[in-house]
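An overview of the molecular structure
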Amino acid sequence: MLELREYQQRSLAALEGYLQVCTTHGAKAAFVIQTERPYRAVPQLPALPYVCLRVPTGGGKTLLACHALGKAATNYLQAERAVCLWLAPSNAIRLQTLTALQDRNHPYRQAVAQQFSGQVTVLDLAEALYVRRSTLAGETTIIVSTLQALRRDDTEGLKVYESAGALQHHFTGLSAELESQLERREDGTIPYSLCNALRLWRPVVLMDEAHNARTQLSFDTLARFNPSCIIEFTATPELMHRPEQGRFASNVLHHVSAAELKAEEMVKLPIKLQTRADWKEVVSEAIGTQRELERVAIEEERQTGEYIRPIVLLQAQARSQTRATLTVETVKQTLMEEFRIPEEQIAVATGQTRELDGVPVFDRSCPIRFIITVQALKEGWDCSFAYVLCSVAELGSATAVEQLLGRILRLPRARRKHHAALNCAYAFAASARFIEAAQSLKDALVESGFERIEVEELVRPVETQTTFDQAHPLFVQSAAVVAEVPNLAVLPSELRERVSFDDQTRAFTVSGRISDAERASLEACFVTPEGRRAVERVYHESHGRTVVAGEPSAAASFRVPALAVRVDGQLELFEETHFLDFAWRLSEQAANLSESDFPSQYVAGQTGELDVSEQGRVEIRFVEQAQRQLQLMGVEPGWDIAGLTNWLDRQIPHPDVTRSESTLFLHRVLSELIESRRVTIEQLAQQKFRLRKAIAEKIDEHRQAAKANAYHRMLFSVDAAEIEVGPEICFEITEENYSPNWYYEGGYQFRKPLFHLIGELKSEGEEFECAAFLDQLDGVQTWVRNLDRRPESSFWLQTSTDKFYPDFVALLNDGRYLVVESKGEDRWSNDDSREKRAVGELWESRSNGKCLFIMPNGPDWQAIAEKIRRPSVYPGGSGPGASVC
């Protein structure tokens, strides 16, 4: 089964948090709480949670949707199963999705099955017309369709609304409350239609590429199915909100950035662009690039075993009756006659000619290296071997380029390659003006779901002939004088070819841009710290960064010492696993649930009213009504304390608690509720999902208390572990792995940021003021906005509950690192802040004067200045290489 990447986990966490808040505050208020942005309700479904997860091309929207269904069932519907309408943007994508979800060995099907204990049925629309009531009641049922197929003007769609004898049994024995939810004919009778059968089950609607479906007609169609919530997945959501013009903006709950995709090794970036005035020169450059990439790919396979056959997508012109054009036939003839490309290496993919159908492009035996198309490849076609986009004419509109550009962005196997050339995409255009061609590509990237501020960094020129003889299309040479003779024999052969050492001048020279992995290999050539610092200088120079006084300037990377613990003589990064290995007894903890933990109004069946607007109360009642309707449709077994205890035990994860301990605790909770609240086991069972949530929170409360005790014993007691902070274990923050979800776009021009783009910083508020203060301090050389929840690429300190990511990391002129956590006065004294200060100060104290930590009380920025004025106890030079790591 495919593991979720970190950015996908963050997307799902945002969805989960929103759906949980929906149950208490309604769709609109929950959205405002989660995003601090207004919610755009759909007129036909005003109280419905209708949100969008924005994921660029190549980000894995389908896998996200598979997991989102489980989040909706558990956190929103509070049900063990769900009925789902999965709506694809086209018939080709529908077939592709249906095939994957019906295949029990496919990662998508496995992702859904894992969340519903394997009880999953996947149907197309024709099969759904005969679905059994027992299937909808007993399994999570996914119906894959297109929105167009659900419209009454579609032949297939008309059947969805017609009575069918095969569906009559769905409507027997319904209560008046359930019947009130059904559509009726003009004579008042109920049609036994699939639409009505689905209305009973309040389907979760998942919409793939939903930006084309935000019209009044689409909303009317969706409303007929009485959905419980709608979740969109798209790269390009509708952002313009003009209801009077029939345009409704999507409610973007969370979006994924290009930097996040690149950091997770999902896409090939940046895009290397070259232009030539003559179209045949463009084709020649593309062919040369393909050959060089294939040579590099052979070396990559030799080192890693991964097979890659780089492919060129050639965009020809459509045939015209009024002017001469470079047609598919012309381009193919040129490839064969002038460039001697064998015909079996060429495939044509147009509306009339589909030479890719059924071809196993990933197979080693497939000879295809050039694909000629005009506007778009067949929908659903996807091959990460496509590396080069070659347009034989001026690049057209963003929309015309976007579909083809998306084909060359996916990184094979979603894993960064050892050879830097295989981590980039390449574009060649017949154009006399580079700027215009670059703008077309940038616009196309925006159409693919990337932010405008990002794409300025993602399209770069190829400044020399495209050849990888120097290992990179942008050829550079970087050198440093070293006293030590490097041991070049330890280098991989491909890297060794790019490295030289002159015994006379002592010059250590590397050709081409150096990747992070290659830097580590080069460092292994040296024994002395001076030699390794020379490698760091060469590394930064290869990326175009200036080097001052032996150290990189403000475009350098950070290597910040981590809090480490010595275990059996070995130094390890200090994290949660080091203090989780302790015994605690859940069965001995308090088992009572207070009124605030589990309100009696739930058990009594009353409807609570919160102090919100009338619209808010309508939205909350919408959620409650959806949950109640599913309860009425369900058939509950006879419950007793033992049965409900076992159900709760299965539903609440507790890997650190034995089953005997957990069931004893759960039994005590239920017994106490029955005795103290005077409720029956049947009443508790009817609210079992709310009860599960309350008990899970109570167990976690006890768990956190036990963890806090173990944590403090390990770090702060007389028997504390051996804690160290030094160069052996460091966090590395580089431009390569810095992956903001969004970027600073304020008017203030910062002077000293580590990277050109500043991540996740608002243009006002205390965090902005803190950044501006750091930027103006004379003692600060450079600083970075430390990104939250990036364990592999940000600085963090382990607390008793989670990882603590301070707001800023700065490099001082004297070589020390300064870590700053901005904290409002109202929160500075709470337990969480006290613990963070304690671990931050411990980190500082164990660094031998190399690191500083401060948490100003509110906007007390002068405290930062006072902190760094203290004389350094570390006598070394400046910069991360010289002073710390």
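Here is what the cut-offs are and how they apply
- Residues numbered from 1 in each chain as written.
- Predicted model: local features only at pLDDT ≥ 70, side-chain atom pairs only at ≥ 80, totals over all residues.
- Heavy atoms only, no water.
- Phe/Tyr/Trp six-rings, centres within 6.5 Å; stacked < 30°, edge-to-face > 60°.
- Helix = DSSP H or I, 4+ residues; strand = E, 2+ residues; numbered from the N terminus.
- Axes fitted to C-alpha atoms, helices over the stretch in contact; angles between N-to-C directions.
- Parallel < 35°, antiparallel > 145°, perpendicular 65-115°, else oblique.
- Left-handed = near helix turned anticlockwise from the far one by under 90°.
- Contact = heavy atoms within 4.5 Å.
- Pairing = 2+ DSSP bridges.
- Polar contact = N/O pair within 3.5 Å; in protein donor to acceptor, adjacent residues only side chain to side chain.
- Buried < 20%, exposed > 50% of the residue type's maximum accessible area, 1.4 Å probe, protein only.

**A short note on the packing of aromatic side chains**
- Here the structure, examined in full by the defined rule, presents 27 aromatic pairs.
- Where Tyr-50 meets Phe-219, the ring centres are 6.0 Å apart and the plane angle is 85 degrees; that geometry is what we call edge-to-face. Of the two residues, Tyr-50 is situated in strand S1 (residues 50-54) and Phe-219 in helix H10 (residues 216-223); the sequence distance between them amounts to 169 residues.
- When the ring of Trp-647 is compared with that of Phe-689, the centres are 5.4 Å apart and the planes differ by 85 degrees; the resulting orientation is edge-to-face. Here the residue Trp-647 occupies a position in helix H23 (residues 641-651), and Phe-689 occupies one in helix H26 (residues 688-716), the gap between them amounting to 42 residues.

**Section: the packing of H26 against helix H28 (residues 831-845)**
- Between H26 and H28, whose axes approach to 12 Å, the crossing angle comes to 25 degrees. In terms of their interaxial angle, H26 and H28 are classed as roughly parallel. In this structure, H26 crosses over H28, and the sense of that crossing is left-handed. Only Glu-835, Ala-838, Val-839 and Leu-842 of H28 make contact with H26, whose side of the interface consists of Tyr-711, His-712, Leu-715 and Phe-716.

**Here we look at the sheet that holds strand S7 (residues 252-255)**
- In space, the seven strands of this open sheet follow the order S3-S4-S2-S5-S6-S1-S7, with parallel pairing throughout. Whereas interior strands pair on both sides, the edge strands pair on one side only; in this sheet they are strand S3 (120-124) and S7. Across the sheet, the mean angle from the axis of one strand to that of its neighbour is 20 degrees, orientation sign disregarded.
- Examined bridge by bridge, strand S2 (residues 83-88) and strand S5 (residues 204-208) share four bridges and lie parallel to one another.

**Here's the deal with the side chain of Glu-209**
- Mapped onto the elements of the fold, Glu-209 is located in the loop between S5 and H10.
- A distance of 3.2 Å separates the side chain of Glu-209 from the side chain of Lys-61, its partner in a polar contact.
- Sequence-distant contacts of Glu-209, that is, excluding residues within four places in its chain, are made with Lys-61, Pro-89, Phe-233, Thr-234 and Ala-235.

**Some words on the pairing of S5**
- Of all five residues in S5, five are buried; the element is thus mostly enclosed.
- Neither face of S5 is left uncovered, since the one carrying Val-204, Leu-206 and Asp-208 and the one carrying Val-205 and Met-207 both have all their residues buried.
- As paired strands, S5 and strand S6 (residues 229-234) are joined by five bridges and run parallel to one another. Bridge assignment links Val-204 to a residue of S6, and that residue is Cys-229.

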